[in-house]
Amino acid sequence: MSIIKANGAGEVSTGFYGFEIDNSLRFDDESNAYLNISTLDGNEKTFTYSTWVKRGDITSATQVMFHAWNGSSNRRGQLLFNSSNEIMWEIGGSSTFRLITNAVFRDISAWYNIVVVADVTNSTQADRLRLYVNGTRITSFSTEDQVTNDSYSAGSFNNDNAHHIGMINTTSNKFDGYMAEINFIDGQALDASSFGETKSGVWIPKDTSGLTFGTTGFRLEFKQTGTGTASSSTIGADTGGNDKHFTSNNLGAFDVMPDSPTNNFAVMNPLVGRGLGLYVDPRHGNLEMDTRDSGRGTTFSTLAMSPGTGEKYYAEYRYRADSGHMRVGVITVDDAADYLETSTFDDGTVSSSYTSVTGKIFVDGTEVYDDVTYTTGNVIGIALDLENGSIEYFKDGTSIHSESNSIFSSNSFLFAAGDSSNSADIRYSANFGQDSTFANDETAATNADTNGIGAFHTAVPSGFKALCTANLPEPPITPLNDDLPEDYFNAVLYDGNSADRNIEVGFKSDFIWVKHRTSAGNHHRLYNVIAGEHACLFSSNSNAESTASDGIAFDFATGFNIDDGANRFSYNQSSNTYVSWNWLAGGSASSNEDGNLASSVSANQKAGFSIVSYTGTGSATTIGHGLSSAPDLIIVKNRDDGSKNWVVQVTALGNNYLELNKTNDAFSSSIYFNNTAPTSSVFSVGTVGSTNASGDDFIAYCLHSVEGYSKMGAYTGNGNTEGQYIYTGFRPAYVLIKQSSANGNNWSVHDNKRDVDNVVNTRLLASTTGAETTFTTLDFLSNGFKLRTTGTAYNGNGSTYIYMAFAEMPTKYANAR
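Per chain, residue numbering runs from 1 following the sequence as it is written. Only residues with pLDDT of 70 or above have their local features reported here, since the model is predicted, and side-chain atom pairs are shown and tallied only from 80 upward, although totals for entire chains, interfaces and linings are computed over all residues. Excluded from the side-chain calculation are hydrogens and water; included are all heavy atoms of the structure.

**Quick look at the confidence of the model for the protein**
In plain terms, the rule: One number per residue, pLDDT, summarises how confident the predictor is, and it ranges from 0 to 100. Two residues form a contact once any of their heavy atoms are found within 4.5 Å.
Considering every residue of the protein, the mean pLDDT works out to 94; 96% of them sit at 70 or more. Residue range residues 1-13 is modelled with pLDDT below 50. Its contacts to residues more than four positions away, or to other chains, number 47 contacts.

**Structural notes on the packing of aromatic side chains**
Note the cut-off: When two rings of Phe, Tyr or Trp (its six-membered ring) have centres within 6.5 Å they constitute a pair, described as stacked for plane angles under 30 degrees, edge-to-face for angles over 60, and tilted for the intermediate range. Helical segments are the DSSP runs of H or I of at least four residues, strand segments are the runs of E of at least two, and each set is numbered from the N terminus. Each residue gets one of three labels from its accessible area relative to the maximum for its type: buried under 20%, exposed over 50%, partly exposed in between, using a 1.4 Å probe on protein chains only.
For the structure on display, the rule yields 53 aromatic pairs. With a centroid separation of 6.0 Å and an interplanar angle of 75 degrees, the aromatic rings of Trp581 and Tyr734 are classed as edge-to-face. Of this pair, Trp581 sits in strand S41 (residues 577-583) while Tyr734 is found in strand S53 (residues 730-739), placing the two residues 153 residues apart along the sequence. We classify Tyr734 as buried; its relative accessible area is 0%.

**Points about the pairing of strand S35 (residues 511-516)**
The condition is simple: At least two DSSP bridges between two strands are needed for those strands to be called paired.
With 6 of 6 residues buried, S35 is to be regarded as a mostly interior element. The side-chain alternation of S35 yields two buried faces, one formed by Phe511, Trp513 and Lys515 and the other by Ile512, Val514 and His516. Pairing of S35 with strand S36 (residues 525-528), which is carried by 4 bridges, proceeds in the antiparallel orientation. In the sheet register, Val514 faces S36, and the bridge partner there is Arg525. Sheet analysis places S35 next to S41, joined by 6 bridges and oriented antiparallel. Each residue of the ladder has a partner; that of Phe511, found in S41, is Trp583.

**Quick notes on the nonpolar core**
Cut-off, in case you're wondering: Among buried residues, those of type Ala, Val, Leu, Ile, Met, Phe, Trp, Tyr and Cys that are joined through side-chain atoms within 4.5 Å constitute a nonpolar core.
In terms of nonpolar packing, the biggest core is built from 54 residues, with Tyr317, Val328, Phe415, Phe432 and Leu467 touching the most fellow members. No other element matches strand S23 (residues 312-321), which puts 4 residues into this core. Counting 48 residues, the second-largest nonpolar core is a separate cluster that includes Met65, Phe105, Tyr112 and Ile182.

**What about the pattern of salt bridges?**
Put simply, the test is: Within this document, salt bridges are pairs made up of a side-chain nitrogen of Lys or Arg and a carboxyl oxygen of Asp or Glu, the two lying within 4 Å of each other.
Scanning all chains against the criterion turns up 33 salt bridges. Between Glu221 and Arg219 there is a salt bridge, with the nearest N and O atoms lying 3.4 Å from each other. Like Arg219, Glu221 is buried. Across the salt bridge formed by Arg320 and Asp441, the nearest N and O atoms sit 2.8 Å from each other. In this pair, Arg320 is assigned in strand S23 and Asp441 in the loop between strand S32 (427-431) and strand S33 (489-495), connecting sequence segments 121 residues apart. Here Arg320 falls in the partly exposed class, since its relative accessible area comes to 29%.

Right, dumping it as structure tokens:
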């Protein structure tokens, strides 16, 4: 799959975060780790609490972030994730009042900022308890029990009670993961803007040193490493000026981590396939895994590594227990999407691995070395050189074997580890640069990477980097330059008004896909700048292009126009709702002579998207697409012949094709695309009327994956509610999915405007005229999406699915969702 990278990759980006958070504190639920202070006695009616959180184990157990309790059943206050992964904010007095979100929060790959406010005397009842996530106030709740009057008293928070961070009163509901930059403001009801701000679409932290903390307020920055009794030199030191220091319990200096909201480190991803709860039990902030008796217990890193200048990464794995056999290495992002627990991660994949019991090293399915085994206590280093195309394995700092192969300079990879025996438990730990001790199993070391980042157990090979967001290259479309994915793709919701109007998108739309949401019987309407105003095709049938006198026009500088008329029910009827998906191509078309058949092309090379118009010849030929890389997905429609279906070529399916207006499975035939993969300049068409009828006009939409912005590919379903985890390298704004290996399932479209939170369950079907429906389906996450259904439209066991996704924010900068 083609991945376009920015020039100068390998340089550490700087200057985006005006205030950087250097540390976090790791909490391990199985270690009963928590902080406590014996009493806080301040304003129990008005206060604010802010914390940055990166979750670890998210299996069904309540996890407390902040808690106060005086021992009475009606004197309780708490901020927590409940067993459904919803956030609950509760204060207790003579009665208990609480907010519980509808949204779920189970992104383990990035950071949330959570701010809660108690403002009991506020004259507006709905404002007495408030909750913000990543700067946005949450207003939709499954439970909303607001404080009923301002006579509230004798609550637990700030009422001369013990307060705990990470646990309830030393006994239960233990938090698992990381916390950073905790601020408690006594006597003030602040909003999220006191703790963070939006910069180029990213919620980033502010320096809170200038805030007034009140009598009992505190700030925990986790700059100290001392343990035990509260003091200014221990882990729970208050740096806000009130000396409200917390005692640390079951925490060590090794739990003070460089992982932070401004430099997010990779961890092991337990959400791979059916892993979490079935095959792996995570510990120590997803840096240790205990595998189960069956399955492979495989995990992949939460950050990927892509080819480019200076792209060299190093990681370490420690074999902690050896009743089974450990396997460590790397796997391509695309093969990770096909991984099933029934096989090792290198079976039939583009990968490399090093196994413990045999000492064998494999590269791309071939054994290249067989000599040095390893066992409990050994630390295995992996140096992946994506610039020069090689991998090198180390045992306790000594090089074991280096192997060059072109796969390492032409694919994006994830670090991988698991049990190769499929029959016994093993435990393994990882260090991507954040913990040289492997949770205190080894002596702390100070071996930094080439950029001076992180700490490794052994010396880092020259030029290699820790796997963290500060070390990732800038994507071509980056908020560092105030250049956002929404400047190239944007989903827009609007209410119809039965009048001429402009729809604001944020850019002048070149390809507009509109769908009526609320009533069945309305086609998906597709417009493009080459065909011009009102020229419409329907993805939900094979009709020829419509040239009605009303519809969509292209005269609005930051969106599109609607010319109202007889067909308005499909795109602008009063009292109805609509969604438009909008892409920026290259504006007016230019002539392209790259192929044997001339074409007119509107191309956006930066965004990997072009619109191509051509007239068929009936003879197999090539057509220029105007992009700088081979398309991963091409959609073609005969504009003149209503009997010809839409045809879709997906590189991941080889010489197998789909039809956009049909639910059938993929089929093979050389007459559509001449059984020829696209190149960096042209795509091929055969002799069939659907792609190349003599004298007919055609439109083709060509797309290739762009690092941090778009991804087209395929995955294999596993038939489980813990479905596949698809790494995209960005937090999605749009995902389209189609089963390609069985008849009867539709093209499902999801976006971040119809579902602003998880679960993403609102869908439209591209090949039908049906209204919008809900179907529990998937989570959008900071680095991809996770299937949450057994439905065959998305996740049939062993079935193949193709997908097309566009970004809300590249993973390098994305907040957790």
